[in-house]
Amino acid sequence: MKVGYARVSSIGQNLQSQIELLKKAGCQKIFQEKKSATHTSKRVELQNALDFAREGDIFVVTRLDRCSRSVLDLYKIIDILTSNGVSFKATEQDIDTSTSSGRLMIGLLSIVAEFETDLRSERQAEGISSAIKRGVKFGRKAKFDNLKVKEAIKMQNEGMINQDIADYFEIARSTLLRWIAKYNKD
């Protein structure tokens, strides 16, 4: 039996083209998931697919990066499959671990995939660093600031309880107390 596995990184992406290719490759059972490939252990459908595949089956993906972006993870997956007597095949890269040339190619391609992931991470870090230097702020706007802490202290002095003050500013009581302690320290 051919067991297919289709994966995209985020919910907004579409699995349909992979599913069509897997069906065309003869997959009778297709597992699909919308998760990042960086952590194999968090991909439930991958684990289900690996558990489902039996001796003599072929585990099919469209491309290596649909299965893993890490050389170590890829080899762990292939080791699990091999120990269960299951072959691995990537249809768009013409890779088949039942042949020695297929095993060589999978090793080379997985190294390239990991290299590309590293480059992407480096570019992202450089972009974030550059943006920070230009003054770009990341994350949501703070609900509380130094001006509001002065107002909160005034409310405390007027006899208002901390929980009511926190509710007024729509923040947690612990956040309010942390800000007040920091303000009093400075």
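Structural data are supplied above this passage.
Sequence order as written defines residue numbering, which begins from 1 separately in each chain. Two thresholds apply to this predicted model, a pLDDT of at least 70 for residue-level local features and 80 or more for giving and counting side-chain atom pairs, whereas whole-chain, interface and lining totals are computed over all residues. Hydrogen atoms and water are omitted, and side-chain values are computed over all heavy atoms in the structure.

> With reference to specific residues and values, describe the packing of aromatic side chains.
Stacked, tilted and edge-to-face are the three classes applied to pairs of Phe, Tyr and Trp rings, where Trp contributes its six-membered ring and a pair requires centres within 6.5 Å; stacked means planes under 30 degrees apart, edge-to-face means over 60, and tilted covers the rest. Taken as a whole and assessed by the stated rule, the structure comprises 6 aromatic pairs. Ring pairs connect the aromatic residues Phe144, Tyr168, Phe169 and Trp179, which therefore count as one cluster. Think of it as a cone above the ring: NZ of Lys or CZ of Arg counts as a charge over the ring if it is within 6 Å of the ring centre and within 35 degrees of the ring normal. Between the NZ or CZ atom of Lys29 and the centre of the ring of Phe52, over which it lies, the distance is 5.8 Å.

> Tell me about the pattern of salt bridges, residues and numbers included.
Salt bridge criterion: a side-chain nitrogen from Lys or Arg within 4 Å of a carboxyl oxygen from Asp or Glu. Under the defined criterion, the tally for this structure stands at 2 salt bridges. Of the charged contacts, one joins Asp65 and Arg66 as a salt bridge, the two residues approaching to 3.3 Å between their closest N and O atoms. Taken together, the shared-partner salt bridges in this structure form one network comprising Arg63, Asp65 and Arg66.

> Give me the pairing of strand β4 (residues 87-90): which residues, what numbers.
Bridge count for strand β3 (residues 58-61) against β4 is 4 bridges, and the pairing is parallel. Directly across from Phe59, in β4, lies its bridge partner Phe88. Two strands make a pair as long as DSSP finds a minimum of two bridges between them. By definition, any uninterrupted DSSP run of H or I lasting at least four residues is a helix, any uninterrupted run of E lasting at least two residues is a strand, and each is numbered from the N terminus. The sheet contact formed by β4 and strand β5 (residues 95-96) spans 2 bridges and is antiparallel. Within β5, the residue paired with Lys89 across the bridge is Asp96. Between the end of β4 and the start of β5, which pair antiparallel, lie 4 residues, with Asp94 showing a positive phi angle near 50 degrees.

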